[in-house]
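# Remarks on the overall topology
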Amino acid sequence: MAKPSAVETSTFEAEVLKAEVPVLVDFWAEWCGPCKMIAPLLDQLADEYEGKVRFTKVDVDAYPELANRYGVRAIPTLLIFRDGTVATQVVGAQPKTTLKRHIEAILQGA
Amino acid sequence: MTGGQGPESDRIYDVIIVGGGAAGLTAGLYASRAKMDALLLEKSVWGGQIAFTGLVENYPGFPDGAMGPDLAIWMYEQATKQGLQTLSTEVTGIELRGQIRVVQTIDGDFLAKAVVVASGGEHRKLGVPGEEEYAARGVSNCAVCDGAFFRGEIVAVIGGGDAAIDEGLYLTRLAKQVLVIHRRDQLRASPVLQERAFATPNMSFIWNSVVEEVLGDTNQVTGIRVRNVKTNEPSVLDVTGVFIYIGFDPAAAILGDLVEQDEHGYIRVTDLMATNVPGVFAAGDIRVNSLRQLVSAAGDGCVAGLSAYKYVTEEFKDGEEGAAVAATRSASSAAQ
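The present account deals with the structure reproduced in this document.

Cut-offs used in this document
- Residues numbered from 1 in each chain as written.
- Chains lettered and ligands numbered in written order.
- Predicted model: local features only at pLDDT ≥ 70, side-chain atom pairs only at ≥ 80, totals over all residues.
- Heavy atoms only, no water.
- Contact = heavy atoms within 4.5 Å.
- Buried area = accessible area lost by both parts, 1.4 Å probe.
- Salt bridge = Lys/Arg side-chain N within 4 Å of Asp/Glu carboxyl O.
- Helix = DSSP H or I, 4+ residues; strand = E, 2+ residues; numbered from the N terminus.
- Buried < 20%, exposed > 50% of the residue type's maximum accessible area, 1.4 Å probe, protein only.
- Pairing = 2+ DSSP bridges.
- Axes fitted to C-alpha atoms, helices over the stretch in contact; angles between N-to-C directions.

### Observations regarding the interface of chain B and chain A
On the chain A side, the residues contacting the 27 residues of chain B number 25 residues. Summing the contributions of chain B and of chain A, the shared interface buries around 2,200 Å²; its carbon and sulfur component is 56%. Our enumeration of links across chain B and chain A arrives at one salt bridge. Salt-bridge contacts for B:Glu153 lead to A:Arg73; the nearest nitrogen and oxygen are separated by 2.8 Å.

### Regarding the environment of B:Val157
Residues and elements named next belong to chain B. Residue placement: valine 157 occurs in strand β11 (residues 154-158). For valine 157, a relative accessible area of 0% gives the class buried. The spacing of valine 157 and glycine 256 is 99 residues in sequence and 33 Å in space, taken between C-alpha atoms. Discounting chain neighbours no more than four positions away, the residues touching valine 157 are Ala164, Gly168, Leu171, Val178, Leu179, Val180, Ile181, Phe243 and Tyr245.

### Some details on the sheet that holds strand β5 (residues 85-91) of chain A
All names here are of chain A. Ordered in space as β1-β3-β2-β4-β5, the five strands form an open sheet in which the pairing is mixed. Of all strands in the sheet, those bounded by a partner on one side alone are β1 (5-6) and β5. Pairing geometry for strand β4 (residues 77-82) and β5, over six bridges, is antiparallel. Residue pairing in the sheet places arginine 82 in a bridge with threonine 85 of β5. Lying on the sheet, helix α2 (residues 33-48) is in contact with β2 (23-28), β3 (54-59) and β4; it crosses β2 at an angle near 160°.

Have a look at this one:
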């Protein structure tokens, strides 16, 4: 069972920017209701895309500098990184199928 | 977020509810308690608008108020405990196939004997440059969700109604200063909110003004350009957050011209929440003359859920899905 792994400022470069595969970063916080609502969907997707896409999450309260670096001022925000840069931004809670479409587009090199 | 084993596209539900806000969840609660096979479809967050609200002080039964996101979860849990099935998906259309109502989604079609449309509304946009570009980068519709990113900063709230002032007041606890930009010279918000607003030292008002552009440094919002509608004088305000509450539009596009709507797109219903199409009901903010209150949305949902129950038991008396489908063929001309 793959699960999104927590990343922090010190591990962000190795875990996200230098990753061999696309990386989805879920910017979340404990007080964010919609974040909690999409968490189970991200767990499922992490499982479905194991080995193809890495799933990570950033607690914006603990690491505001990461949110700030990418201009994230609303959560949930999902950023999908490819080769160290942001390829897709998904704002707000979205259905699983919508999230899958974004991921598939990245995998197909769109 | 998907309920149980996951919904099936080849089965005929008694009722499908479109929209998981207070109206939809209450319709689902009543339908499920009436032992209907009920499926609720929601594209974003359970609870709808209350999931994005702070303290709710006008929902009866909570003398000290209740937090919107808590109410949202509780309504969801209450309805699903009674057997309501749910799916996180986006509905793209609704059409009639004889007596069967087909709900089209990005995950395929779902069939039902009755449909309750409770898809609510969408925040009206300013329609100015920079608004889309800086969405979630300083432009927001949710103070409770995003306010924490603006601690100690100066933010703008656009609008003068209940939502603008309520959310603005919430922001005054986090931001250094909250500028309320309103196109008129007085607020439309309820007196109790106005009283609080004028008594809050770090909330100030920029009257008779409209936003013409959201400015930014490509990463985040850095300001807004406003124009005074009386003097035509432009000015730039240095704010890092722009919270937009200028109204709501009904999310009725999924219906096309299936049911009667008013000129703004709100659905016309009877006092039993029935549209002009048999077996299609509407509830909550999407209907004409909705008060757009949590309690009225819940009330609508109750009526719609029970009306759907009454419709299904009367129109599909034998209760067998096979028979219902067969009936569909012969009744397809009578259904409209």
